[in-house]
Amino acid sequence: MGRNVLPPSLLIAREEALLKDFLRALRKEDRLVLKRLLAGVRAHSQAIGLSDVEPFEAILLAMLLEIQKEVEALKEALEGAKKHP
Amino acid sequence: MKSGFLLDAHETPKGIGLWLALDDGSRPRLERAFSPGFALENEGRKTRRAVAILQGRFGKDIRVVEGKGNDLLKGEVPLFEIKAKDPWTFERLKAQALRSDLFEGLCVYGVDTPAVSQFFLKTGMFPFCRFAFKDGELRVCDEPLALDYPFPSLRVLEVSLEPEGLDPMHARRAFALCLRPLGEEEGLVLEACDKEGIESSLRRFDPDVILAPFGDGYTLKRLLALGVRTLSREGFHARLGEDQTIASYGKVYARKGPVLLSGRLHIDPRNSFFYPEVGLAGLIELSRACAIPLQELARTTPGRAITRLEARLAGQLGFLVPFQKGVPEGFKTLETFLRLDKGGLSFRPLVGFFENVAEYDFASMYPSIIVNFNLSYETLNCGHPSCQTRLPVSGYGVCSKRTGIVPFTLKRLIERRETLKARAALESDPRQRQALEQRQKALKWLLVVSFGYLGYRNAKFGRIEAHEATTAIGRELLLFAKEIAEARGFKLLHALTDALWVQKEGAQERAYVELEHEIIRRVNAAFKPVLPDGVPWKVRLEGVYAWVRFLASKAYGVGVGNRYVGVFQDRTIKARGILLRRSDTPPLIREFQEQALQLLAGVSSIEGLRRQYSTLQGLTKAYEARLEEGKVRPEALAVRLRLARNPLDYQKRSFLAEAAQSLLAEGLGVSLGETVRFVRVQDKALRANPLWLYHDNPKPIDTAYYAGLLQEALEELLPQSLLKEKALP
Ligand SMILES: [Zn+2]
């Protein structure tokens, strides 16, 4: 499988467009959460553009990555709070 | 000149027998010669071969005419019309042709249209039609869908069993008969074997309608066997049908073989879907509209009734009524299938208690979609070059030249029902109002099933794509309404097929009414009918709940669409999917939950609910005490379940199987589709004791089981967990 030829930003926009019906059927508050998740993906647009997996899979990986970073940051903050109460 | 209405019509060896109810009180019978028939599309050699075979077998008993007819899909087609010389020959002809492969690959019309229906179509008569009568000639001055017709004056006699309320098929005892003219207090009680007494009473009352609970399964069959001559107005003439099992919406029902009388109309309320639902006024409404004789209608299903109405209207519009449909389902690709076949839209509700929640309902959503988007088996991808309209979501083409037969029918039903509802609301006379309510409810049943039949492949005017297009548009409508609500700052709690539950903190009733108006306005602007003669979309604010609880599914613990209970601000209760709504719940438990819910109906907040907990606990204790003291009648403890298979086919030991098998062991017949009532008792060998055996041989009640059900009923309304939750900050 070859590299994606579309520029990464267009690639992400295309995948997001495919999610239109999915987003519509969500409750508004859930839709806003998902939008924030999708926004975090843009930081990794170069990696998504260069990846060999399907673009949507790459987007999911980028989301996971952002979530894991947040989890680790929260853990660290929690540890810090325990050490210096 | 005399006048009156048509009481009944039935097939005879030579034609159609008509029972007239004249306004002078007499009930004469007429007979008209009639040749029913059917038609085959002339497709050349193969059709000619089939016709030649029929002519060989039936000779002069049939007549074949070449002609033309109007096919709903193909337009004008050449035909062979085959006329039988009388209804009995028609029956033989039909039976032979359907049993062989004679019709294989042929396009057949009207072979399943009963002779009486054909007679009605040809003569313009229909059940309960008004007519003028002179020199043996009938002149009909009435129309099946006329809105105002005088309620026919009928003499109604109730023939019930004494003692009442027992199922004679399962009770081992003798019954007396009670004959009571409807509306009178006093009845006449006769020994069930008093042939002369029963005969002379029937002669004296001379009823037009005999209302006999268990009439089909027991009473009338017994009376016929006894030799009672006056049941029919014509000696021994009665038509007997066979017992049946009917499958409908995943359930199996047992239907007793009907006893149809001649000159009188026999209704068995225990063997009728419609009668308990819509009464005599509803039956007459449907009997007229669908042109189905009343005795048959009382024993039919809403699905069959609407199919007959559609067929009647198709015939009246000059179309041939198809028997086998030649529509392939192949044009649907896998991709469109995956996009469409999702059924109605259903959100998982947010589980828990909520205050100040509004519910909005689309009135008759699916029938309105069918009408406004002209969805019928003959209108999808019609192929007319000028029809370019595409349906939303599915993208199927739809006819914009001609109204389909299903939308044509449903539009009339929707509008008729609206009118009757509006009149009922204005009517001050309680009896008139009840009749109007029964009539509109009868029409409602046809509308409720219309959508299911649209997608049923074997339904005459059904086609799966029309069904899918309907659900797809339905989801779109509900999402559209949800988006309007969310854009206005309302929070979506729950959405299910055609209803929406939303909440906004501090919102007053006015805000909810404004939202209703906005949804109506925008839906009507955005979803324009394909043809000019659509029906307006109606969205109604069902009410604002003071509090509502969405319950989790018992099995999975997540919210499910159809389990909720709440109280509107005007204190009316609405409950779905909880114990009191289930038909298998023992009456005692239902009574308890209803009583408990009544206590909560006056409560207007979640905090108020918490304060009621100890009251409800007290109520539970009182019921438990009644159980312990053995003060509860066994009927109130009976679990009622329907047999989904024959009693001996149950592999696993279940309470229902146990009860049914013990009935068999006692020599009491019970089979597939029948309901069995049993009491849970403390006995290892037989834990589920059928009610009929319990009376002869009572055992100690399984009080732990019933106490558990009481707890469950309490938990459904007011769970203990609600007490632990702190009030929201
Ligand atoms: Zn067309």
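1. So, the coordination of the zinc ion
Residue and element names in this part refer to chain B.
Here is step 1 of the chain: Protein-derived ligands of the zinc ion are Cys382 (SG), His384 (ND1), Cys387 (SG) and Cys399 (SG), with the metal-ligand distances lying across 2.0 to 2.3 Å.
Here is step 2 of the chain: Considering all 4 donor atoms around the zinc ion, the spread of angles at the metal, 105 to 115°, places the coordination shape in the tetrahedral class.
Here is step 3 of the chain: All donors of the zinc ion belong to a single chain; written as a sequence motif, their spacing is C-x1-H-x2-C-x11-C.
Here is step 4 of the chain: For Cys382, a relative accessible area of 23% corresponds to the partly exposed category.

2. Some remarks on the environment of Leu38(A)
Residue and element names in this part refer to chain A.
Here is step 1 of the chain: Mapped onto the fold, Leu38 is located in helix α3 (residues 28–41).
Here is step 2 of the chain: The class of Leu38 is buried, set by a relative accessible area of 7%.
Here is step 3 of the chain: For the pair Leu38 and Leu60, spaced 22 residues apart in the sequence, the C-alpha separation amounts to 9.1 Å.
Here is step 4 of the chain: Look past the residues within four positions of Leu38 in its chain and what remains in contact with it is Glu16, Leu19, Ile59 and Met63.

3. Considering the packing of aromatic side chains
Residues and elements named next belong to chain B.
Here is step 1 of the chain: The tally for this structure, following the rule as stated, stands at 22 aromatic pairs over all chains.
Here is step 2 of the chain: Ring plane angle 45° and centroid distance 5.6 Å describe the contact between Phe490 and Tyr512, whose orientation is recorded as tilted. One end of the pair, Phe490, is in the loop between α13 (464–487) and β20 (491–496); the other, Tyr512, is in helix α14 (residues 509–526), with 22 residues separating them in the sequence. When sorted by exposure, Phe490 lands in the same class as Tyr512, which is buried.
Here is step 3 of the chain: Between Trp501 and Phe550, the aromatic rings sit 6.1 Å apart at their centres with planes inclined by 90°, giving edge-to-face as the arrangement. Residue Trp501 is located in strand β21 (residues 499–503), and its partner Phe550 is located in strand β22 (residues 539–552); the two are separated by 49 residues in the primary sequence.
Here is step 4 of the chain: Site record: aromatic cluster; members linked through ring pairs are Phe354, Trp501, Phe550 and Tyr564.
Here is step 5 of the chain: The ring of Phe408 carries the charged tip of Arg412 above its face, separated from the ring centre by 3.6 Å.
Here is step 6 of the chain: Seen from the ring of Tyr705, Arg680 lies directly overhead, with NZ or CZ sitting 3.8 Å from the centre.

4. A short note on the pattern of salt bridges
Here is step 1 of the chain: Here the structure, examined in full by the defined rule, presents 49 salt bridges over all chains.
Here is step 2 of the chain: Note that Arg42(A) is salt-bridged to Glu16(A), the shortest N-O span being 3.1 Å. Of this pair, Arg42(A) sits in the loop between α3 and α4 (45–50) while Glu16(A) sits in helix α1 (residues 8–18), and the two are 26 residues apart along the sequence.
Here is step 3 of the chain: Overall, the relative accessible area of 25% leaves Glu16(A) in the partly exposed class.
Here is step 4 of the chain: One network of salt bridges, with partners in common, ties together Arg27(B), Arg155(B), Asp206(B), Asp208(B), Arg233(B) and Arg264(B).

5. So, the domain arrangement of chain B
Here is step 1 of the chain: What the domain assignment reports for chain B is domain 1 (334–402 + 459–559) and domain 2 (634–700).
Here is step 2 of the chain: With centres defined by C-alpha atoms, the gap from domain 1 of chain B to domain 2 of chain B works out at 43 Å.

About the cut-offs
Residues numbered from 1 in each chain as written. Chains lettered and ligands numbered in written order. Predicted model: local features only at pLDDT ≥ 70, side-chain atom pairs only at ≥ 80, totals over all residues. Heavy atoms only, no water. Donors = N, O, S within 2.8 Å, 3.2 Å for Na, K, Ca; no water. Tetrahedral: all angles 85-135°; square planar, octahedral: opposite > 155°, others 65-115°. Buried < 20%, exposed > 50% of the residue type's maximum accessible area, 1.4 Å probe, protein only. Helix = DSSP H or I, 4+ residues; strand = E, 2+ residues; numbered from the N terminus. Contact = heavy atoms within 4.5 Å. Phe/Tyr/Trp six-rings, centres within 6.5 Å; stacked < 30°, edge-to-face > 60°. Lys NZ or Arg CZ within 6 Å of the ring centre and 35° of its normal. Salt bridge = Lys/Arg side-chain N within 4 Å of Asp/Glu carboxyl O. Domains from an automatic or database assignment.

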